[in-house]
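# Summary of structural features
In case you want the letters, here they are:
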Amino acid sequence: MEENIVLTMRGIYKSFPGVKALSNVDFTLRKGEVHALMGENGAGKSTLIKVLTGVYSKDVGEIRIDGIKEAINIHSPQAAQNYGISTVYQEITLCPNLTVAENMYIGRGKGSTIKWKEMEKKAGELLDNLGIPARPKQQLGSCSLAVQQMVAIARAVDTDCKVLILDEPTSSLDDNEVEMLFRLMRDLKSRGVGIIFVTHFLEQVYEISDRITVLRNGQLVGEYEIEKMPQVDLVAKMMGKELDALNVIKKDRTAETAAADTLYEAEELSSSDAKPFDFRIAKGEVNGFTGLLGSGRSESVRAIFGADRVTGGTVKVNGKPVKITKPIQAMKQGIAYLPEDRKRDGIIADLSVRENIILALQVMKGFFHPLSKAQAEAFADEYVKALEIKTASTDTPIKSLSGGNQQKVILARWLLTHPDYLILDEPTRGIDVGTKTEIQKLVLKLAEEGMSVTFISSEIEEMLRTCSRLIVMRDRYIVGELTGDELTQSHVMRTIAGGEK
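In short, a report on the structure. (Residues numbered from 1 in each chain as written. Predicted model: local features only at pLDDT ≥ 70, side-chain atom pairs only at ≥ 80, totals over all residues. Heavy atoms only, no water.)

### Details of the packing of aromatic side chains
Inspection of every chain in the model, using the stated rule, returns eight aromatic pairs. With 5.9 Å between their ring centres and 85° between their planes, phenylalanine 305 and tryptophan 414 make a pair best called edge-to-face. With phenylalanine 305 in helix α10 (residues 297-305) and tryptophan 414 in helix α15 (residues 403-415), this pair connects stretches of sequence that are 109 residues apart. The same class applies to phenylalanine 305 and to tryptophan 414, which are both buried. In this structure an aromatic cluster arises from ring pairing among Tyr264, Phe277, Phe279, Phe289 and Tyr421. (Phe/Tyr/Trp six-rings, centres within 6.5 Å; stacked < 30°, edge-to-face > 60°. Helix = DSSP H or I, 4+ residues; strand = E, 2+ residues; numbered from the N terminus. Buried < 20%, exposed > 50% of the residue type's maximum accessible area, 1.4 Å probe, protein only.)

This is the structure:
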């Protein structure tokens, strides 16, 4: 092994029933570098990481680690840790009710005697050494998500970590927290730690990474130095096709939708979590709620769908007053809602792809009028094909699918009800750029066909590519409404910062 290389994976194969997840994949990590592992959902990133960390056993291939002459066999996560390979996942796996020091050293003591003072002293020295703003005796749950991530990293580093895997570490962090995490990553780089960075945020890849390895359909596309790989070229390699600078060409339909009949209208609508607001959407319009996290975007659409307890306001659908205080009432008025948290509120993990797709339609029909097996299979097959959902079969449990394909299944569920009004809350969060583009194009196609769509995304550029009207929120109040020439990133940011209630 070359002097500056800490890890090599060569000719890695891994198959599951009906799916070849990895086929002849190579990966090389050098000391003191941040190496981004990129690819669309289903490209094989998670499988490669699980092979490296002993969650899955490889079918064929060789793994070598610095300091060991022979190829190694990683048969468990504990074995991976013994070889100096540590992983910090998107979901914090530490214990929020314990202190920072206890989380850093839990499960690592020998014998029955715990030397608390020594543990807290070591934790304090490590926290100071890494510049982590936390105290050893502080309860972990009182720390921000970013600091909790950093404590998890500190725990990994203190186990003589040679390879640190960060799996979507920034997905729940704001910009300041991301920068805090990046400072720690740069510090670890300077100490010679090799970091594998798995993320869907292209801008972050270019800010922090030295190299990129791209996978597609379980195969290696290539390894590239960051400065020699323009963003558009990276996207093309991930997708296997050219993409015009990530842009979806949006037809300006502002005048068309302004003249269209109003489909849904609410006055002073409020819920247990949403302050009173007025809202309307025209037939065939794509509009969106935008604002910082916590501004009230999700709370507003949940009130529209009756997902939270409605406390006031009046609602009209097609000009007629209606009562919507429960999701089933919204569904019967032709309203569909794809929630922000697909794992908590969207998928039923243990059910099959087919069962997840037909769920909303079956609820509307009533469970005393079940769909026949032939109908269910026909519907599922139709939408698996239409949305290009990657699954071995419609009998596959949805939890086995990649995040992007899970999102497509939930989208299929609602499209099957043929709604007049579709609400999409963060439909592209945590999924690859190719699937993001597919969903954006689908939204515009549905609007062209007459469906009304409310689209919410944390990425302003994505909203500008899809929406003809943006409702800007701050502190759970609407502070502005932008259309036409006002739909620019700078205008949105100014409105968020300085709009009036």
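### Examining α10
For α10, the buried fraction is high: nine of the nine residues fall into the buried class. Looking only at α10, the buried set comprises Arg297, Ser298, Glu299, Ser300, Val301, Arg302, Ala303, Ile304 and Phe305. Just downstream of α10, glycine 306 is the residue with a positive phi angle, here 75°.

### Let's talk about the state of the cysteines
Using the criterion set out here, one finds zero disulfides in the structure. The thiol of cysteine 95 is not disulfide-bonded; the next cysteine sulfur, from cysteine 143, is found 14 Å away. (Disulfide = S-S within 2.5 Å.)

### Remarks on the sheet that holds strand β13 (residues 310-317)
Read across the sheet, four strands follow the order β11-β10-β13-β14 without closing on themselves; strand pairing throughout is antiparallel. Both outer strands of the open sheet, β11 (277-282) and β14 (320-322), are each paired with one neighbouring strand and no more. Going across the sheet, the axis of each strand differs from the next one's by a mean of 20°, ignoring polarity. Two elements, strand β10 (residues 262-271) and β11, share five bridges in a ladder whose sense is antiparallel. (Pairing = 2+ DSSP bridges. Axes fitted to C-alpha atoms, helices over the stretch in contact; angles between N-to-C directions.)

### A look at the pattern of salt bridges
Here the structure, examined in full by the defined rule, presents 21 salt bridges. As a salt-bridge pair, aspartate 210 and lysine 189 come within 3.2 Å of each other at their nearest N and O atoms. One end of the pair, aspartate 210, is in the loop between α7 (202-208) and β8 (211-216); the other, lysine 189, is in helix α6 (residues 175-190), with 21 residues separating them in the sequence. With relative accessibility at 25%, the residue aspartate 210 sits in the partly exposed group. A salt bridge links lysine 228 to glutamate 225; the nearest nitrogen and oxygen atoms lie 3.8 Å apart. According to the relative accessible area criterion, lysine 228 is exposed, its value standing at 61%. On the basis of relative accessibility, which here comes to 29%, the residue glutamate 225 falls in the partly exposed class. (Salt bridge = Lys/Arg side-chain N within 4 Å of Asp/Glu carboxyl O.)

### As for helix α8 (residues 231-239)
Looking only at α8, the buried set comprises Leu234, Val235, Ala236, Met238 and Met239. Backbone geometry just downstream of α8 places glycine 240 in the positive-phi region, at approximately 80°.

### Observations concerning the nonpolar core
Within the largest apolar cluster, 73 residues are counted, with the highest numbers of intra-cluster contacts made by Tyr264 and Leu422. Take this core: its biggest share by element is six residues, from α15. In this structure, Met104, Cys143, Leu166 and Leu184 belong to the second largest nonpolar core, which totals 40 residues. (Core = buried A, V, L, I, M, F, W, Y, C linked by side-chain atoms within 4.5 Å.)

### Description of the sheet that holds strand β4 (residues 60-65)
Here three strands make up an open sheet; going across it, the order is β2-β1-β4 and the pairing antiparallel. Two strands close off the open sheet at either side, each with one partner strand: β2 (19-30) and β4. Strand-to-strand twist in this sheet, taken as the mean axis angle between neighbours without regard to direction, amounts to 10°. Note that strand β1 (residues 5-16) and β4 share five bridges and pair antiparallel. Within β4, the position partnered with leucine 7 by the bridge is isoleucine 65.

### Topic: the packing of helix α13 (residues 353-365) against α15
Contact pair α13 / α15: the axes reach a minimum separation of 6 Å and the direction vectors enclose 35°. For α13 against α15, the interelement crossing comes out right-handed. Residues Val353, Asn356, Ile357, Leu359 and Ala360 of α13 pack against Val409, Ala412, Arg413 and Trp414 of α15. When grouped by side-chain class, the residues that make up the contact of α13 with α15 number seven nonpolar, one polar and one charged. (Left-handed = near helix turned anticlockwise from the far one by under 90°. Contact = heavy atoms within 4.5 Å. Nonpolar A, V, L, I, M, F, W, Y, C, P; charged D, E, K, R; others polar.)

### A few points about the packing of helix α5 (residues 145-157) against α6
Packing of α5 against α6 brings their axes to within 9 Å, and their N-to-C directions diverge by 15°. Relative to α6, the element α5 lies roughly parallel. Note on packing geometry: the crossing formed by α5 with α6 is right-handed. Listed contacts from α6 to Leu145, Ala146, Val147, Met150, Ile153 and Val157 of α5 are Glu177, Met180, Leu181, Leu184 and Leu188. Residues belonging to the contact of α5 with α6 are distributed by class as follows: 10 nonpolar, no polar and one charged. (Parallel < 35°, antiparallel > 145°, perpendicular 65-115°, else oblique.)

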